[in-house]
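Survey of secondary and tertiary structure
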Amino acid sequence: MKLLIMGGFLGSGKTSILLQLAKYLSAKSPEGDVQVVIIENEIGEVGVDDKVLSGNGSYSVTNMFSGCVCCTMSGELVSGLTKIQREIDPQLVILETTGVAFPHNIRETIQYSMPDLECRVCCVTDAKRWNRLLIPMGNLLPDQLDRADVIIINKVDKVDQDEADKVEQSIRQFNDTAVFFRICANEPIDTKVFETMLG
Amino acid sequence: MDTDNLDNSACDLHDHEHDHDHEHEHEHEHEHEHEPISVDTHETSIVGAYKLKIPGDKDEAEAVLDERMRLVARKVTDLGGIIGHIKAVLTEQGRSVMISITEDESNKRYFDGDSCNADGVAIVFLIKPEQLMDILTECFGDIVREN
C-alpha cells in the first residue's frame, strides 16, 4: 500500500486534479486490479468534495469531517489507515487534505506510526491567487509547501506567462527541491504529472 | 464520527476552540450546532456551513444558489475578509414514490419534487465568526432546510 497526500490551499484545485487522477488510474487498470481508496478530509459540518468524488468513479471514498487530520484528527487518520491496510490493502490510498492542513505534518505523523508505508506529498497552488494570498496567508501557504515531492501550479490559464514565471519563482523560495508542473485542471492533465505524483 | 478519542499530540501548530461540555485536548468553537446555518472556527479560518432547500427545478435553484453564493463572497470581501473557498452541492429532488400498504395490497403514488437541496460551506479569513453568521443568515435565511 502506498499513500499519496494531496495538499494545498482552499480552492487551489485539489479535487479537480484528484478526479482526473482517479479516472487515469481506472483507465490504466480496466479490470479493476488497482484498488484505490480516497480519504476526504474536510473541515466544517458539511462535506462537499466527497459528494463530487463519490459520484464520479468506482473507487471507495471515505470521509473525515469536523477536523483536520494534521492536528485534531491525526490519531483517527492513523487508525483509519491501519484499518484500510488490514481490511482492504489497496495499492493506493489518496488523502485529500483540508485546505488549511500542513501535508508534511501529516506525513511525519503517519511515518512515525507506520514507518514502512511509502508516502508522497503533492501540493497544489493557485497561480491566479498566489500573490494575492501570500501576504495575508503568509503563515499557511509557505508551510504547506514544506518538503512536498511535487508542486503543481494550477490555473495557469488565468495568468500570462510572465505572471506564471513570477509565481513559480515565488513558490521556489519555499521549496526548490520539488518537481514542478504547471497545469490547468479544467483541461486534460498530462499523464506524466500523475506518474510523477505517484512516484 | 467519534472525535473524542483522538490523539492530538502530533501537532502543536494548531489551536482550536471547542465549546462543548465534554473534554477535548483541542479547542473548537461551535455556534448553532446542528442548525441549518452554523459557524465554526478552525485555526485562523472561519468555517460556515449551510443546508438549504431551494424552490424550483434544478436550473432555477442553480441560478438562485449561484447568486446567493456570489452575494456571500461580496459581503465577505466588503468587510475586508479573504475567501478561502465558498462551495456547495446542489441536489435535485427528482421523482418520488409513496408506497402505501394496508393489507396485502401495495399502492404506489408517484410525484415530482418541487425543490432542490443544497449543502455547502464558506471558509473565510480575517472576519469575525459573528460577521460570517450574519452574512450567511442574511443571504440564505429564507431558504434554509430545517431537517
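Residues numbered from 1 in each chain as written. Chains lettered and ligands numbered in written order. Predicted model: local features only at pLDDT ≥ 70, side-chain atom pairs only at ≥ 80, totals over all residues. Heavy atoms only, no water.

Secondary structure summary: chain A contains eight helices and seven strands in total. Its C-alpha radius of gyration of 16 Å places chain A within 12% of the 16 Å reference for a compact globule of 199 residues. In terms of overall dimensions, chain A has C-alpha extents of about 50 × 35 × 35 Å along its principal axes. Out of the 199 residues in chain A, the part that is buried amounts to 60%. Carbon and sulfur atoms form 46% of the exposed surface of chain A, whose accessible area is close to 8,200 Å². Separation of charge centres in chain A, based on 19 positive and 28 negative side chains, amounts to 3 Å. (Helix = DSSP H or I, 4+ residues; strand = E, 2+ residues; numbered from the N terminus. Rg over C-alpha atoms; globule rule 2.2 N^0.38 Å. Buried < 20%, exposed > 50% of the residue type's maximum accessible area, 1.4 Å probe, protein only. Areas by Shrake-Rupley, 256 points an atom, 1.4 Å probe, with all protein chains shown as cover. Lys, Arg positive; Asp, Glu negative; His and termini not counted. Charge placed at Lys NZ, Arg CZ, Asp CG, Glu CD.)

A few words now on the packing of helix 1 (residues 14-28) of chain A against helix 8 (residues 191-198) of chain A. Residues and elements named next belong to chain A. Contact geometry for helix 1 and helix 8: axes closest at 11 Å, N-to-C directions at 90°. Accordingly, the angle class assigned to the pair helix 1 and helix 8 is roughly perpendicular. Of the residues in helix 8, those touching helix 1 at I17, Q20, L21, Y24, L25 and K28 are T191, F194, E195, M197 and L198. Here the contact of helix 1 with helix 8 is built from residues that sort into seven nonpolar, two polar and two charged. (Axes fitted to C-alpha atoms, helices over the stretch in contact; angles between N-to-C directions. Parallel < 35°, antiparallel > 145°, perpendicular 65-115°, else oblique. Contact = heavy atoms within 4.5 Å. Nonpolar A, V, L, I, M, F, W, Y, C, P; charged D, E, K, R; others polar.)

Here we take up the confidence of the model for chain B. Residue and element names in this part refer to chain B. On average, residues of chain B score 81 in pLDDT, and 78% of them reach the 70 mark or higher. Note that residues 1-32 has pLDDT below 50 and, in this model, 79 contacts with residues that lie over four places away or in other chains. Confidence estimates for the predicted assembly give a pTM of 0.83 and an ipTM of 0.87. (pLDDT = per-residue confidence, 0-100.)

Residue and element names in this part refer to chain A. Here seven strands make up an open sheet; going across it, the order is 3-2-4-1-5-6-7 and the pairing parallel. If you trace the sheet from one side to the other, it starts and ends with strand 3 (60-64) and strand 7 (179-182), each paired once. In this sheet, adjacent strand axes meet at a mean angle of 20° when their direction is disregarded. Pairing analysis gives five bridges linking strand 1 (residues 2-8) to strand 4 (residues 92-96), with the strands arranged parallel. Note on strand 4: the bridge partner recorded for L3 is V93. Lying over the sheet, helix 4 (residues 103-113) contacts strand 1, strand 4 and strand 5 (118-126), oriented at roughly 155° with respect to strand 1. (Pairing = 2+ DSSP bridges.)

Right, let's talk about the side chain of A:D126 for a bit. Residue and element names in this part refer to chain A. Position of D126 among the secondary structure elements: in strand 5. In terms of polar contacts, D126 uses its side chain to reach the backbone amide nitrogen of K128, at 2.9 Å. At a separation of 3.3 Å, a polar atom in the side chain of D126 contacts the side chain of K155. Leaving out residues up to four positions away in the same chain, D126 has contacts with G11, S12, N154 and K155. (Polar contact = N/O pair within 3.5 Å; in protein donor to acceptor, adjacent residues only side chain to side chain.)

Let us look at a negative patch on the surface. All names here are of chain B. Residues D57, D59, E60 and E92 make up a contiguous surface patch of negative charge. Residue position: D57 is located in the loop between strand 3 (45-55) and helix 1 (58-78). Since its relative accessible area comes to 39%, D57 is described here as partly exposed. (Patch = residues over 30% accessible without salt bridge, like charges linked within 9 Å, V, L, I, M, F, W, Y side chains within 5 Å. Salt bridge = Lys/Arg side-chain N within 4 Å of Asp/Glu carboxyl O.)

It is worth spelling out the nonpolar core at this point. If you look at the biggest cluster of nonpolar residues, it comprises 53 residues, and the most contacted ones within it are A:L3, A:L77, A:L81, A:I106 and A:I110. A:I94, A:V124, A:F181 and A:L198 belong to the second-largest nonpolar core, a separate cluster that totals 27 residues. (Core = buried A, V, L, I, M, F, W, Y, C linked by side-chain atoms within 4.5 Å.)

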